[in-house]
Amino acid sequence: MTLTNKSPDPRSALAQRGRSALGDRVFSWWTLGTGLLVLAILGLILITTVREAWPAFDAMGFRFITERVWDPNPATGDAIFGALSFAYGTAISSLIALLFAVPVSVGIALFLTELAPRRLRGPAVTVIDLLAAVPSVVFGLWGILVVGPALVPVYQWIHDVFGGVPVLGSLFGPVTTGRNFMTAGLILAIMVTPIITSITREVFSTVPRADKDAALALGATRWEMIRGAVFPHSFGGVVGAVMLGLGRAMGETIAVALVIGGATNITANLFAPGNSMAAVIVQQFGESTGTFTAALIGLGVVLFAMTVLINVLAQVIVRRAEARMKGSVA
Amino acid sequence: MTATASPATRSAAGAPDLTRAALSGRRRFTNHLATAAIWLAVLLAVVPLALVIYEVVAKGGGVMNMSFLTEDIPNSYRRDGGGMAPAIVGTLLITGAAALMAIPLGVFGAIYLNEYGKQRPLARVIRLMADVMTGVPSIVMGLFIYISWVLLVGQQTGFAGALALACLMLPVVIRSSEEMLRLVPDELRQASMALGARKWKTTLTVVLPAAISGITSGSLLAVARAAGETAPIIIVTGIVFSPNVNLFDGFNTALPAQIFRNASQPFEAAQDRAWGAALTLIVIVLGFTIIARLISSRFAIKER
Amino acid sequence: MARNETDLSTRPSVAVHTPGVTASGVGTDSASVMQLRDVSVYYGNYEAVRGTSMPIQQNQVTAMIGPSGCGKSTVLRALNRMNDPIPGARVSGEVLFHGQDLYAKDVDPIQVRRQIGMVFQKPNPFPKSIYDNVAYGLRINGIKGRLDDHVEEALTKAALWDEVKDKLRKSALALSGGQQQRLCIARTIAVKPQVILMDEPCSALDPIATAKIEDLMFELTNDYTIVIVTHNMQQAARVSHYTAFFTAEVDDQQVRHGRLVEFSQTGKLFTNPADKRTEDYITGRFG
């Protein structure tokens, strides 16, 4: 080390840099290596899962995605592995979740940034933090044992009222169980609310004070100020937040596995049981062998590809929105 | 209302109505409606949280006692009694092992991003991909570890679960630690550099200690989240009914997996165990979360 | 709201504009549209501005000058209750507008701001088209029909129409700083307020853009009353009829407060200030 060098010649002290500089280089390589670990894991996930799922892809071809039948143990003939029903369940439950979660999340974010008296802001943030901290399996437990049974009469009532109306009648069809698409969507909504709220809140808080002042100085009410100054500035960021929420909802496994009902089913009836890609994997993995296992891993591949795609898009949108905001503030 | 010294003489520019009545009914209504909707949104978040915590405490509290925490899991769902000791041991060991792997690696990754990579293209890609990795479904991470570890060693183990949880924690630790490192003022780095310290020494002896409480708090939150992960545990650890403290040999289990398995049983004994396990898990998770909050709030005071 | 053509005789003569030329006394040839009575502004327990009393004369430009931190912007924001959204901000005393206290219980801040508009230090057009920026205030106020005419009228009055008439649908953010500031003025006058408050409207602009805004202010006094905060004394001397000089004072408890030192006609204040502090400030700056 240069500091402890006792050499009387200052030039040799400076010349000592070689060994210590090596320490610097080793350290920077080591940190870079840990950073690259992220890329390595993502790459390995893709490679290993695709390789392991290949027997199922090979056997089914494109039908793996377009086939709605999932029959691992048929009485006669070959097993059929079609992911379409589960993809449908994933899509429907996630859409229901967003339908409920987005307005609520935007509302809470507005509450935190524009409305809340200072003494309520802390408690409101704590509620969101706690909502995020409750493990998904606990929401699932609550969903299957409490919410599902409690909602059956509500679903029945909705069916009785709207059953005869065109379109609505097919959405709100006959109720057989509290474990269905709708319950899965509602439980998912609770689980994605914290993430959508926290990102939306960050986006709202970057709206320049000057823009809000401009609207207020024109005699805008608070709501008109929000519509005129806050929303136009944050549209991109909110879209990104919603997509992140979508990614979470699609990948959520355990809560959905407990409350969606476990039926291979494509139906417009939101009160019918179904299944989602993630849920099927965890329900059936233990009893699977051979091509069946490969097919379940194949579901994982599809899920991975879709969530990564959505997340990359969402992150790019959020980053671009943030960069634009910072540019306009500077 | 007091009169002004010299009221306006021009009629058109006279005193307008400044009371609330002057606001058109439609505008007033819309504003009130929006305000009410925002309050409703907050209520809609509070109600499920309150309900789920109430149910867990009420139902879980009913079965909670010393033997629940210390006894083995009955090997039949039907049977009354027994406890969750193996799952508690499993959760603590698996999550702890995952933290031991993920936190150091994550902190070094954060050091790369904030101290070396900064805004270079590679660092930006890693940053983006770390964010994307936080969105990878935990079930996929479970499949990944199953293929690349369980199939390799030929056995489901607690360590496989720890590997999966570590993969889930890693990006969270990286990103939260990077945020904390970014808060360290540049003056500190320059002061250390000016004393002739090498960059690696500056980073390890000055920058890291300055950010350590923030990093600890962020890491604890990641640990809390990981402790509640279920899907990978079910896929890679198998199941046991008596405690297994060896992570590298033999099956294991954890609280979330036990909640999942017992919740879908029609037997009351199993459902009771699920509630009890849920209460235990929530206490563990909230414990981590509260400790993290305490550390970060103390850190915030120091910052000021 | 309909507005009568201003009587020519009440228009300020050019002479009144010129510093050093004495006009008749305060409050005799024009009526005060606003009146501040012992106004203090607090942020929490901190009294930022203490005991300000002054009139705002109709169809005249009133300037507020003083060193930074003297509370002039704070007072300006108190005139249309723009301090309301700031947590802990509070106003005591009376701000009278046509004899009505703006801080009275039944007064709606939204109506206040509708009548008393504001132009800010940095041009802050919304991230929308030029047209939509001007139409925003009209739309929220429910002014229907002939929106195009209102927009054209406002842009014309703000001396911006010729420059933007071919690109009304283009983003307002593509305009130059000076154009953006005139757009913000157009946006404000579109809703036809009685008073326009300007908070250092030229501080972010170059000299040419500044000159355009100053010319515009003079034109606008035909229809509007203007209150401008400026850190630039030459500007106050050029554009205003009346000037209020604020300064920051440290009281017995070593706390700084903004205070109004002197209010008078601009010509008098700059040539023959009554207060020693005003004189020091003016001569110090003018050399």
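Residues numbered from 1 in each chain as written. Chains lettered and ligands numbered in written order. Predicted model: local features only at pLDDT ≥ 70, side-chain atom pairs only at ≥ 80, totals over all residues.

1. Quick notes on the overall build of chain B
Using the following cut-off: Secondary structure follows DSSP: runs of H or I at least 4 residues long count as helices, runs of E at least 2 residues long count as strands, and numbering of each begins at the N terminus. Partly exposed residues are those falling between the two cut-offs: more than 12 but fewer than 20 other C-beta atoms within 10 Å of their own, whereas 20 or more means buried and 12 or fewer means exposed, with C-beta atoms placed from the backbone.
In terms of regular secondary structure, chain B is built from 11 helices and zero strands. Along the longest, intermediate and shortest principal axes, the C-alpha atoms of chain B span 95 × 65 × 35 Å. A buried classification covers 49% of the 304 residues belonging to chain B.

2. Quick look at the pairing of strand β2 (residues 46-57) of chain C
All names here are of chain C. Quick reminder of the rule: By the convention used here, strands pair only if DSSP detects at least 2 bridges between them.
As judged from the eight bridges shared by strand β1 (residues 32-43) and β2, these two strands associate in the antiparallel manner. Pairing of Y42 across the sheet is with E47, part of β2. Linking two consecutive strands that pair antiparallel, namely β1 and β2, is a turn of two residues; a positive phi of about 65 degrees is found at G44 within it. Sheet topology note: the β2/strand β10 (residues 256-265) ladder contains two bridges and is parallel. Bridge pairing links V49 to G258 in β10.

3. Quick word on the UniProt feature "transmembrane region" (unreviewed entry) in chain B
Residue and element names in this part refer to chain B. Using the following cut-off: UniProt positions are given in the numbering used here, feature names are shortened, and annotations may be inferred rather than shown by experiment.
In the numbering adopted here, UniProt assigns the feature "transmembrane region" (unreviewed entry) to residues 33-54, 87-113, 125-151, 157-174, 203-224 and 274-295. Summarising residues 125-151: 89% helix, 0% strand, and an end-to-end C-alpha distance of 31 Å. A helix fraction of 100% and a strand fraction of 0% characterise residues 274-295, whose end C-alpha atoms lie 31 Å from each other.

4. Topic: the UniProt feature "domain: ABC transporter" (unreviewed entry) in chain C
In the UniProt entry, the feature "domain: ABC transporter" (unreviewed entry) is given for residues 34-273 of chain C. Regarding residues 34-273 of chain C, the helix share stands at 34% and the strand share at 30%, and the terminal C-alpha atoms are separated by 23 Å.

5. A closer look at helix α3 (residues 85-117) of chain B
All names here are of chain B. Defined as follows: Here the expected span of a helix is defined as 1.5 Å times the quantity of residues minus one.
The end-to-end C-alpha distance of α3 is 45 Å, a good match for the 48 Å that 33 residues give at a rise of 1.5 Å each. Summarising burial for α3: 24 of the 33 residues are buried, a large majority. Looking one or two residues beyond α3, the residue adopting positive phi is K118, at roughly 50 degrees.

6. Notes on the interface of chain A and chain B
Accessible area lost upon the coming together of the parts is a frequently used measure of interface size. The criterion, for reference: Here, residues touch in the contact sense if the C-beta positions derived from the backbone fall within 7 Å of one another. Under the scheme applied here, ten amino acids are nonpolar (Ala, Val, Leu, Ile, Met, Phe, Trp, Tyr, Cys and Pro), four are charged (Asp, Glu, Lys and Arg), and all others, including Gly, are polar.
Listed as interface residues are 72 residues of chain A and, on the opposing side, 69 residues of chain B. Per-element accounting of the side of chain A that touches chain B gives the leading share, 20 residues, to helix α2 (residues 17-60) of chain A. Split by residue class, the side of chain A that touches chain B holds 47 nonpolar, 21 polar and four charged.

7. Description of unusual backbone geometry
You will see that B:K118, though not glycine, has its phi angle at about 50 degrees, which is positive. For B:K118, the location among the structural elements is in the loop between α3 and α4 (121-134). Since 10 C-beta atoms lie within 10 Å of it, B:K118 is described here as exposed. Here C:H98, not a glycine, exhibits a phi torsion of approximately 50 degrees, which is positive.

8. What to know about the sheet that holds strand β5 (residues 100-101) of chain C
Residue and element names in this part refer to chain C. Reading across the sheet, the 10 strands line up as β5-β4-β1-β2-β10-β9-β3-β8-β7-β6 and stay open at both edges, with mixed pairing between neighbours. Here the strands that pair on one side only, and so sit at the sheet edges, are β5 and β6 (116-119). Bridge count for β6 against strand β7 (residues 195-199) is four bridges, and the pairing is parallel. Within β7, the position partnered with G117 by the bridge is I196.

9. What to know about the pairing of β7(C)
Two faces belong to every sheet, and in a regular strand the side chains alternate between them. All names here are of chain C. β7 sits mainly inside the fold: five of its five residues count as buried. In β7, alternate side chains face the same way, and those of V195, L197 and D199 on one face and I196 and M198 on the other are all buried. Alignment of β7 against strand β8 (residues 225-229), held across five bridges, turns out to be parallel. Note that in β8 the partner of L197 across the bridge is V227.

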